Each structure stands twice: as structure tokens, then as C-alpha cells.
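# Structure at a glance
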Amino acid sequence: MLIKSKPDILPSEITPESVYMSRRKFIVEGAGLALGVAAGGLSTQAFAADGDGLRARAPADVVRSAPAPWWVSKFASIAPAAEGGPFSTEETLTPYSDVVSYNNFYEFGVEKGDPIANSGRFEADPWSVTIEGEVDKPGIYNLEDILKPHALEERIYRLRCVERWSMVVPWIGFPLADLIKQFQPNSKAKYVQFFTLFDPSQMPGQRSRFTTISWPYREGLRIDEAVHPLSLIAVGLYGNYLPPQNGAPLRLVVPWKYGFKSIKSIVKIRFTESEPETSWNMLAPEEYGFYANVNPEVHHPRWRQDMETRLPQSLFGSTRMKTEIFNGYGEQVASLYSGMDLARFY
Ligand SMILES: Nc1nc2c(c(=O)[nH]1)N[C@H]1C(S)=C(S)[C@@H](COP(=O)(O)O)O[C@H]1N2
Ligand SMILES: [Mo]
């Protein structure tokens, strides 16, 4: 079959997920990233001096002026990421202004600029997380209890969206494995499922008539994927706390899987014996599988997955690059899938 090669990625190609939400809308990308930052209430006040030593810092002129949540005090002791190690790429970081203004967070709207525009008053503090299912220490834990035992670290990961764009983001967080150990799943726990906050009063996307996601947004991992050292619970980025549009106050980051697995603003974690429901799979099972490992050979029915555009996009074009198996983390994660047919378990 002849595949027409295109000179560059088209806006219509990098917004497929929103097609479900509003088929009639055409989406204009890229322009107005800087405006989006202004509209989202970011100010020129510098981020407090906590976190000295972190390698990657948000530029002072684009950081939120809102009172920093208390957990930012933990950032002071974070060591900078050791570049080039197994946990941090040396690739050029995607600028902070893009990371916080070009987002998928359908709870706040389906367009890339919606999350920053609509999440300015989002309340991420106080926050609690319910732990339930096949676990020895179920309960409702406040964020402090969840964060207290863990040392935070910086990790610089690639993030590859199924829409064929990618970023390089310096996260702050701790291994999901450590959080799982904290709550002691029992021997029946074969999977772990995550849920995002459901609060239509704060999340306009959950009130939308066009919505086809059955809220709350949910995701899941096999337990061996969840305890893999690359799986991260992030509470910050660029030396600062997570802005709401990136999933405040805590989110998952699974760098070898498509971005939709990296669920934001988690309020519930459930340990299960069987494979849990996941939002995009519920919506379109032929297009979005449970595994969703980045794979240049297994194409989404509407979009090839062998290339990606690295953000930022500029007026002069953008960086197209080859997509790597497991998003470049194959050496570390391929063994999780040995013997599995990755085309069948997409
Ligand atoms: N709750 C929730 N989590 C979500 C999403 C969402 O719509 N809702 N979008 C996902 C998708 S498709 C991507 S690509 C990443 C984007 O993360 P970022 O905006 O921090 O770059 O978040 C993921 N997590
Ligand atoms: Mo995505």
C-alpha cells in the first residue's frame, strides 16, 4: 500500500482524541501558546528559592504567583537529575511555557489551550487519595501521609502522546513502586487502577454535553509494570509544583507508554485481580488498548506511529523524529513483555 508522505505534521493529525468529544470542531494548534500562559494566570513572580540545586527550573517570568502548596518545601532537598542515566534523558527540554500550556486534560476541555485556561482556580490542597481493593492497608489518606515517607527526585523523561507529538519534561516525584509498598497489596493484586477526581463544579469538561468519556477518567497498569523503577508518581515539574493543567497535585508518569496512560489528579488507587477498565479503551477498544506501549510498528487505525513531532513547534517548522519502541526505554522495559504479541496486546 502506498503511504503518502507529508512534509509536516498537520494540526488535524495531532488532535485526534478530541474528535470523540466534538466532531464538528476544527482545532487550531500552536498559535497563542504564549497567550495561553498569560491567560492562565501565570505571573512574573519568581518561584521561591526552595529547590536550589535542581537542574531544571521554570523560568522566573512564567511561574505561577499563587501561594505555593506546602509540599514545595520538600523540593529544597532534591538532587538534580543525573543526566544520561537510566532515569533521565539528555535530550533538550521542552520549554516550560509549552509544557504548561499545550495539554491534554479533557476534564478542563478538549483543546490544547483549555486546561490552562480553565484550571486557574482548581483546588489541589487539601487533597486525599483513597486506597482500596486487594490491599492490606486500605483507607483514605491525605496527601501529606502519602508524600511523607518518600524522598523526591528529579527525572527527565520523554512523553509521547498517541497524537504523535512528544515532549521532554523534568518531573519531580518518587517511584510508584514505593507508594505501592507503602499500602501493601496482597497476593491477589495483579493490577492497579487509578482514578482522577470527579468534580463537575471545578471541571467543565465533565459538564460538557459533548463528553463521551465516562467519568471519572481511569487508567491501569499490570502490577509488574507499576513497580517498574521507571513508573513515577509526579508532584512537580521544572523545579516547581505541578500546575493544575499538568495534573496537580499528583499524577502518574509512565514514560514508555502513550501519554494517555499517565493519568492526572489522582484521587483513588484500586488494586485488582483482573484487568481494570481504562477510559480510552472503554471509549474505543479497537483504537486504544490496555497496554498502550509506544510502538512504531503497531499503528493506531487512523495514525501511523513511526514518527513524532517534538515540541515546541515553531514558525519555521518542527522537529520530526523517529519514534522508538517503548519510547526509547526498551532496554529497561522490554523484558516485561517477553513472549507477548505486541500487535495483539496493543
Ligand atoms: N485525568 C486525565 N489524565 C490525563 C488526560 C486526561 O484527559 N485526563 N490526558 C492524557 C493524555 S492523552 C496525555 S498526552 C497526557 C498529557 O500530559 P501533559 O498535559 O502533562 O503533557 O496526560 C494524560 N492524562
Ligand atoms: Mo495523549
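Residues take numbers from 1 onward in each chain, read along the sequence in its written order. Throughout, the order in which chains and ligands are written sets their labels, letters from A for the former and numbers from 1 for the latter. Owing to the predicted nature of the model, reporting of local features is limited to residues with pLDDT of at least 70; listing and counting of side-chain atom pairs is limited to 80 or more, with chain, interface and lining totals taken over all residues. Remark: hydrogens and water are excluded; side-chain values derive from all non-hydrogen atoms of the structure.

### Digging into unusual backbone geometry
Trans peptide bonds make up the majority, and among non-glycine residues the majority have a negative phi. Omega for the bond connecting D125 with P126 falls within 30 degrees of zero, at 5 degrees, which places this linkage in the cis form. For the purposes of this entry, the term helix denotes a DSSP run of H or I that reaches at least four residues, the term strand denotes a run of E that reaches at least two, and both are numbered from the N terminus. Inspection of the secondary structure puts P126 in the loop between α3 (114–118) and β1 (128–133). Of note, the phi angle at S265 is positive, near 45 degrees, even though the residue is not glycine. Locating S265 in the fold gives a position in the loop between β9 (251–253) and β10 (266–272).

### Points about the environment of Q245
Residue position: Q245 is located in the loop between β8 (240–241) and β9. Q245 sits 140 residues away from F105 along the chain, and the two C-alpha atoms are 6.8 Å apart. Polar contact criterion, stated in full: a pair of N or O atoms within 3.5 Å, where within protein one must be able to donate a hydrogen and the other to accept it, and residues adjacent in sequence count only if both atoms are side-chain atoms. A polar contact of 2.7 Å, which involves the side chain of Q245, links it to the backbone oxygen of V100.

### Quick notes on the sheet that holds strand β2 (residues 139–142)
Strand order in the open sheet formed by five strands is β2-β1-β10-β5-β6, with mixed pairing between adjacent strands. Each edge of the open sheet carries a strand with a single partner, namely β2 and β6 (218–222). Taking the axes of each pair of neighbouring strands and ignoring which way they run, one obtains an average angle of 20 degrees across the sheet. A pair of strands is considered paired only if DSSP assigns at least 2 bridges between the two. Strand direction decides the pairing type here: β1 and β2, joined by four bridges, are antiparallel. In the sheet register, S128 faces β2, and the bridge partner there is N142. Note on geometry: axes are C-alpha line fits, over the in-contact stretch for helices, and angles between N-to-C directions span 0 to 180 degrees.

### Re the confidence of the model for the protein chain
pLDDT measures how confident the predictor is about each residue, on a scale from 0 to 100. Per-residue confidence for the protein chain gives a mean pLDDT of 85; residues scoring 70 or more make up 83%. The lowest-confidence element of the protein chain is helix α1 (residues 33–39), averaging 35 in pLDDT; the highest-confidence one is β9, averaging 99. Contacts are assigned to residue pairs with any non-hydrogen atoms lying within 4.5 Å of each other. Below a pLDDT of 50 lies the segment residues 1–16, which in the model reaches 32 contacts outside its immediate sequence neighbourhood of four places, other chains included. Across residues 18–51, where pLDDT falls below 50, the model places 72 contacts with residues more than four positions away in sequence or in other chains.

### Looking at the site of ligand 1
By convention in these notes, a residue is near a molecule or strand provided one of its non-hydrogen atoms lies within 4 Å of it. Around ligand 1 there are 18 residues in total, and N103, Y106, E107, R251 and K264 lie nearest to it. Note that a nitrogen atom of ligand 1 is positioned 2.9 Å from one of the backbone N or O atoms of S262. Interatomic distance of 2.7 Å between a side-chain N/O atom of K264 and an oxygen atom of ligand 1. Here ligand 1 has 530 Å² of accessible area as a free molecule, and 100% of this is covered by the chains. Here the nonpolar group is Ala, Val, Leu, Ile, Met, Phe, Trp, Tyr, Cys and Pro; Asp, Glu, Lys and Arg are the charged ones; every other residue, Gly included, is treated as polar. In the shell around ligand 1, the residues fall into eight nonpolar, six polar and four charged. Using the Shrake-Rupley algorithm and a 1.4 Å probe, accessible areas are obtained, with residue cover drawn only from the displayed protein chains.

### Here we look at the packing of aromatic side chains
Think of it this way: a Phe, Tyr or Trp ring, Trp meaning its six-membered ring, pairs with another when their centres are within 6.5 Å, and the plane angle makes it stacked under 30 degrees, edge-to-face over 60, tilted otherwise. Following the criterion strictly, the structure yields 16 aromatic pairs and no others. Judged by centre distance (6.2 Å) and plane angle (90 degrees), the rings of Y291 and Y337 are edge-to-face. Placement of Y291 in the loop between α7 (279–283) and β11 (307–314) and of Y337 in the segment after α8 (330–333) is noted, with a sequence separation of 46 residues between them. By relative accessible area, Y291 is classed as buried at 7%. Type-normalised accessible area, obtained with a 1.4 Å probe on protein chains alone, sets the label of each residue: buried when under 20%, exposed when over 50%, and partly exposed for intermediate values.

### Notes on the pairing of strand β5 (residues 191–196)
Judged by how many residues are buried, β5 sits mostly within the fold: six of six residues are covered. Bridge count between β5 and β6: five bridges; the pairing is antiparallel. Counterpart to F195 in the pairing with β6 is R218.

### Notes on helix α5 (residues 176–183)
The element α5 is extensively covered by neighbouring structure, given that six of its eight residues are classed as buried. Looking at α5, one finds that the buried residues are L176, A177, L179, I180, Q182 and F183. Trailing α5 by a residue or two, Q184 shows a phi angle of about 50 degrees, which is positive.

### Focus: the pattern of salt bridges
Any Lys or Arg side-chain nitrogen found within 4 Å of a carboxyl oxygen on Asp or Glu counts as a salt bridge. This model, assessed by the stated rule, comprises 16 salt bridges. For E132, the salt bridge goes to R270, with nearest N and O atoms at 2.7 Å. With a gap of 138 residues between them, E132 in strand β1 and R270 in strand β10 connect regions that are remote in the sequence. Its relative accessible area of 23% is what places E132 among the partly exposed residues. Through salt bridges with shared partners, one network takes in E91, R158, R160, E308 and R310.

### Details of the side chain of H300
Positionally, H300 belongs in the loop between α7 and β11. Here the side chain of H300 touches E287 through a polar contact of 3.1 Å, side chain to side chain.

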